[in-house]
Amino acid sequence: MAYFSPVIPGLDFTYQHVGIRPIHNNLPIDPCPGTLWDFIVQNKEEFRLYKFLVEMANLTNRYNDVQLDNTVFIPTDKSLLQVYDENMILNMEQHQAIKILKYNSLNRKISTKELSSSESMKLKTRIRGQVIYTNSEHGTIRLIGDVGQTVRIMRGDIIVNNALIHITDTFLLPEMV
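Structural notes, computed from the coordinates. (Residues numbered from 1 in each chain as written. Predicted model: local features only at pLDDT ≥ 70, side-chain atom pairs only at ≥ 80, totals over all residues. Heavy atoms only, no water.)

1. Some remarks on the packing of aromatic side chains
One pair of aromatic rings is described through two measures. These are the centre distance and the angle between the planes.
At step 1: Counted under the stated rule, the structure contains 3 aromatic pairs.
At step 2: Summarising the aromatic geometry, the rings of Phe-39 and Phe-47 are spaced 5.7 Å apart at their centres and angled 40° between planes, so their arrangement reads as tilted. Note on accessibility: Phe-39 and Phe-47 belong to one class, buried.
At step 3: For the pair Tyr-50 and Phe-171, a centre-to-centre distance of 6.1 Å together with 25° between the ring planes defines the contact as stacked. One end of the pair, Tyr-50, is in helix H2 (residues 48–56); the other, Phe-171, is in the segment after strand E7 (163–168), and 121 residues separate them in sequence. (Phe/Tyr/Trp six-rings, centres within 6.5 Å; stacked < 30°, edge-to-face > 60°. Buried < 20%, exposed > 50% of the residue type's maximum accessible area, 1.4 Å probe, protein only. Helix = DSSP H or I, 4+ residues; strand = E, 2+ residues; numbered from the N terminus.)

And the structure:
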């Protein structure tokens with residue numbers, strides 16, 4: 001005879017893995033070696049604004065999680081400042097930062113070889129119901145957002161333990177940002 005335990009709605013913690021810090025601990029999180037957060041911290045001169053957005057969006061624990069397994073599109077500071085004003089990024093609200101960071105990442109690792117295997121591809125972002133499209137021509141991979149904005153992958157396939165990083169020339173902006 002099998003015993004089935006009662007299911008209590010609202011108490012299912014199966015997918016609630018989040019690193020929890022003790023109360024009043026405002027110290028920065030030490031990066032776990034080889035993770036996406038470690039890559040961003042080590043290259044903070046090149047990705048200072050991206051690091052700021054991750055910290056403001058309170059996603060440092062997620063980027064430091066060894067089980068992340070995402071593809072992340074990260075623009076450099078130099079390319080971001082050609083498109084956006086630095087004050088716009090530094091004064092962004094938390095919900096906007098979260099949405100931009102999630103829109104510029106995919107739920108699994110996808111290499112540039114896979115992205116360029118087809119002329120056009122539809123990819124689901126980490127925001128439910130929102131997608132980005134790829135366009136591959138003459139060795140150049142472009143990402144096209146819902147708003148019609150185009151982003152070029154400048155350097156791809158940077159491998160860290162928990163993610164695959166593609167350096168882009170700017171952010172893709174989701175709807176309603």
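Structure shown, so let's carry the discussion forward.
2. Remarks on the pattern of salt bridges
At step 1: The tally for this structure, following the rule as stated, stands at 5 salt bridges.
At step 2: We note a salt bridge from Glu-86 to Arg-48, for which the minimum N-O separation is 3.0 Å. Remark: Arg-48 occurs in helix H2 and Glu-86 occurs in helix H5 (residues 86–90); sequence separation between them is 38 residues.
At step 3: What makes Glu-86 partly exposed here is its relative accessible area of 27%.
At step 4: The network of salt bridges with common partners includes Arg-48, Asp-77 and Glu-86. (Salt bridge = Lys/Arg side-chain N within 4 Å of Asp/Glu carboxyl O.)

3. A closer look at the pairing of strand E3 (residues 120–124)
At step 1: Side chains Met-121 and Leu-123 of E3 all project onto a buried face; the interleaved residues Ser-120, Lys-122 and Lys-124 project onto a face where none is buried.
At step 2: In terms of strand pairing, E3 meets strand E4 (residues 131–137) through 5 bridges, oriented antiparallel. Paired with Met-121 across the strands is Thr-134, a residue of E4.
At step 3: Where E3 hands over to E4, the hairpin turn is made up of 6 residues, of which Gly-129 adopts a positive phi near 85°. (Pairing = 2+ DSSP bridges.)

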